[in-house]
Number of protein chains: 2
Amino acid sequence: MAKKKVSIRQLERCPTYLRFLVSLRNSGVYTVSSKQIAQMMDCSEEQVRKDLQLVSPTKARPGRQRNVVELIEYLKTFLGYNNINEAIVVGVGHLGGALMSFKGFRDFGLEIVAGFDIDPTLIGSKVGDKPIYCISNLDEIVDELNIKTAILTTPREVSQEVVNKLVNSGVKAIWNFVPVHVDVPDDVVVENIDFAASYAILSHRINKKRNK
Amino acid sequence: MAKKKVSIRQLERCPTYLRFLVSLRNSGVYTVSSKQIAQMMDCSEEQVRKDLQLVSPTKARPGRQRNVVELIEYLKTFLGYNNINEAIVVGVGHLGGALMSFKGFRDFGLEIVAGFDIDPTLIGSKVGDKPIYCISNLDEIVDELNIKTAILTTPREVSQEVVNKLVNSGVKAIWNFVPVHVDVPDDVVVENIDFAASYAILSHRINKKRNK
């Protein structure tokens, strides 16, 4: 299965399939067709079949009913949600603190274990049950806890400097909530979650409706 | 300009162009070529030219230097950032509270003016300088403040019920931070900001690197 080629859009849709299937299962619905999923997702049946073929070892045929519980397991395995991935939050401001106490991450296999900041009033305190350390201890703690994933929520002026520190400490994946481009070496991946890009779409769509 | 057809991906890229151009201007750089922008964005020069043509009344030619300050203004106007849009946050938990105190929204023309919740210990208090009201007062306050945009950060079990209330009160744009699909009438737009979808991409890319 690892050999199949997957597009960004397909990856983005997988969590949505998963949520839909979980809500079906929770309502006591145990079989579903590609057509039903397509209606919910507002897309074509063919797209749903192609997407689900990526994650599942059985081939989907038009009209075939699929097992909801089985599909949920395939999707979770494909998305890596069955292996909990530990991460740190760097920059415990309003957003960083909120992400540290956000409970929804566990649903997709992510567990935040600590925060880092430079503010002496934060260092030594906790958010939920998670400790906040001084950024000068980053290297030793990342090494000790064997952390490979960091969530970046620093002020934008210092984000590249902090990313350099993270890369030096051995972090390989950076989930960037700061609206700036950061440079990393080839063996490190960055995924930006961009509030401005998402809001741009909302804003454009509402303006289009208004001008109709 | 309103007649040009624009894709979601193009819209998503516009805030990134804007940030890059603002950082150029702040460093005292006042002209830029499509090639330079393409290098920063890690995309083709042709794509940059096409994207900027969308927002600007002057046609870009290969190799031509463009005025940074002018491009910033074109992008801001295109994205509607020059008209401040007032919004409410519904559900003042960890994430909702963080969004209420997040200062970055003003950069793209969004101003949060109030929060709504059902928790009596929150109602009547403030986040930053923004009041938190009881959700039972939604109709009158949305009407009084003439609010058209709501940020949804409720628990997922109640999100559809809250969306129905928002639609009834006259809200036309919902920025949904809750990982569930919500149904709205045709004259209302929803844009989902999906942490799970973004994390799925990070997770997949890091796994691909590991398996190399």
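Residues numbered from 1 in each chain as written. Chains lettered and ligands numbered in written order. Predicted model: local features only at pLDDT ≥ 70, side-chain atom pairs only at ≥ 80, totals over all residues. Heavy atoms only, no water.

Examining the overall build of chain A
- What chain A contains, in helices and strands, is eight helices and nine strands.
- Taken over the C-alpha atoms alone, chain A extends approximately 60 × 50 × 35 Å along its principal axes.
- The long-range share in chain A, meaning contacts at least 24 apart out of those at least 6 apart in sequence, stands at 55%.
- When the accessible area of chain A is evaluated, it comes to approximately 10,500 Å², of which 49% is carbon and sulfur surface.
- Taking the 28 positively charged and 24 negatively charged side chains of chain A as two groups, their mean positions are separated by 14 Å. (Helix = DSSP H or I, 4+ residues; strand = E, 2+ residues; numbered from the N terminus. Contact = heavy atoms within 4.5 Å. Areas by Shrake-Rupley, 256 points an atom, 1.4 Å probe, with all protein chains shown as cover. Lys, Arg positive; Asp, Glu negative; His and termini not counted. Charge placed at Lys NZ, Arg CZ, Asp CG, Glu CD.)

Some words on the packing of aromatic side chains
- The full count for this structure, using the stated rule, is 18 aromatic pairs over all chains.
- Taking 4.9 Å as the distance between ring centres and 80° as the angle between the ring planes, the aromatic pair formed by Phe102(A) and Phe105(A) counts as edge-to-face.
- For Phe105(A), a relative accessible area of 1% gives the class buried.
- Between Phe195(A) and Trp175(B) the ring centres are 6.3 Å apart and the planes differ by 80°, which places this aromatic pair in the edge-to-face class. With one member in each of two chains, Phe195(A) in helix α8 (residues 195-210) and Trp175(B) in strand β8 (residues 173-176) form a pair that bridges those chains. Each of the two residues, Phe195(A) as well as Trp175(B), counts as buried. (Phe/Tyr/Trp six-rings, centres within 6.5 Å; stacked < 30°, edge-to-face > 60°. Buried < 20%, exposed > 50% of the residue type's maximum accessible area, 1.4 Å probe, protein only.)

Details of the interface of chain A and chain B
- Each partner contributes to the interface: chain A provides 58 residues, whereas chain B provides 58 residues.
- Roughly 5,200 Å² is buried in total at the junction of chain A and chain B, and carbon and sulfur atoms are behind 65% of that figure.
- In terms of surface lost to chain B, no three residues of chain A exceed Phe195(A), Tyr199(A) and Leu202(A), which account for 14% of the buried area on that side.
- At the boundary of chain A with chain B, the tally comes to four salt bridges.
- For Glu191(B), the salt bridge identified is with Arg205(A), shortest N-O distance 3.3 Å.
- Counting across the chain A and chain B interface gives 16 residue pairs in polar contact (both at pLDDT 80 or more). (Buried area = accessible area lost by both parts, 1.4 Å probe. Salt bridge = Lys/Arg side-chain N within 4 Å of Asp/Glu carboxyl O. Polar contact = N/O pair within 3.5 Å; in protein donor to acceptor, adjacent residues only side chain to side chain.)

Describing unusual backbone geometry
Residues and elements named next belong to chain A.
- A positive phi angle, close to 55°, is found at Asn146, a residue other than glycine.
- Here Asn146 shows up in the loop between α6 (138-145) and β7 (149-152).
- Taking relative accessible area as the criterion, Asn146 reaches 55% and is therefore assigned exposed.

Brief notes about the pattern of salt bridges
Residues and elements named next belong to chain A.
- Within the structure shown, the criterion is met by 16 salt bridges over all chains.
- A salt bridge links Glu46 to Lys50; its shortest N-O distance comes to 3.7 Å. With Glu46 and Lys50 both in helix α3 (residues 45-55) and four residues apart, this pair spans about one turn of that helix.
- With a relative accessible area of 48%, Glu46 lands in the partly exposed category.

Structural notes on the relation of the copies chain A and chain B
- Superposing chain A onto chain B takes a rotation of 180° combined with a translation of 0.0 Å along the rotation axis, leaving an RMSD of 0.1 Å. The relationship between the two copies is best expressed as a two-fold rotation axis. Scanning chain A for the C-alpha nearest the rotation axis identifies Ala98(A), at a separation of 3.0 Å. (Least-squares fit on C-alpha atoms with pLDDT ≥ 70 in both.)

A look at the sheet that holds strand β4 (residues 110-117) of chain B
- Pairing is mixed across the open sheet formed by seven strands, whose spatial order is β5-β6-β4-β3-β7-β8-β9 (chain B). Where the open sheet ends on each side, the last strands, each with one partner, are β5 (126-127) and β9 (189-192) of chain B.
- With four bridges connecting them, strand β7 (residues 149-152) of chain B and β8(B) associate as parallel partners. Within the sheet, the bridge partner assigned to Leu152(B) lies in β8(B) and is Asn176(B).
- Against the sheet, α8(A) makes contact with β3 (85-90), β4, β7, β8 and β9 of chain B, and its axis sits at roughly 170° relative to β9(B), the strand it touches most. (Pairing = 2+ DSSP bridges. Axes fitted to C-alpha atoms, helices over the stretch in contact; angles between N-to-C directions.)

Describing a negative patch on the surface
All names here are of chain A.
- Negative charge collects at one region of the surface, where Asp139, Glu140, Asp143 and Glu144 lie side by side.
- Structurally, Asp139 can be placed in helix α6.
- Judged by relative accessible area, Asp139 falls into the partly exposed class, the value being 46%. (Patch = residues over 30% accessible without salt bridge, like charges linked within 9 Å, V, L, I, M, F, W, Y side chains within 5 Å.)

So, the packing of α3(A) against helix α4 (residues 68-79) of chain A
Residues and elements named next belong to chain A.
- Packing of α3 against α4 brings their axes to within 8 Å, and their N-to-C directions diverge by 70°. It follows that α3 is roughly perpendicular to α4 by the angle criterion. Packed against α3, whose contacting residues are Leu52, Leu54 and Val55, the element α4 presents Leu71, Tyr74, Leu75 and Phe78 at the interface. (Parallel < 35°, antiparallel > 145°, perpendicular 65-115°, else oblique.)

Structural notes on helix α1 (residues 8-26) of chain B
- Between its terminal C-alpha atoms α1(B) stretches 28 Å, which fits the 27 Å expected from 19 residues at 1.5 Å a residue.
- Of the residues making up α1(B), those classed as buried are Gln10(B), Leu11(B), Glu12(B), Arg13(B), Cys14(B), Pro15(B), Tyr17(B), Leu18(B), Arg19(B), Phe20(B), Leu21(B) and Leu24(B).
- Buried-residue contacts for α1(B) involve α1 (8-26) and α8 of chain A together with β1 (31-33), α2 (34-41), α3 (45-55) and α4 (68-79) of chain B.
- Gly28(B), located one to two residues past α1(B), shows a positive phi value of around 85°. (Expected span 1.5 Å × (residues − 1).)

A few points about the packing of α6(A) against helix α7 (residues 159-169) of chain A
Residues and elements named next belong to chain A.
- Look at α6 against α7: their axes get within 9 Å of each other, and the N-to-C directions meet at 45°. With respect to each other, α6 and α7 are oriented oblique. Remark: the crossing between α6 and α7 carries right-handed chirality. Every residue of α7 that contacts α6 at Leu138, Asp139 and Val142 is listed here: Lys165, Leu166 and Ser169.
- Split by residue class, the contact of α6 with α7 holds three nonpolar, one polar and two charged. (Left-handed = near helix turned anticlockwise from the far one by under 90°. Nonpolar A, V, L, I, M, F, W, Y, C, P; charged D, E, K, R; others polar.)

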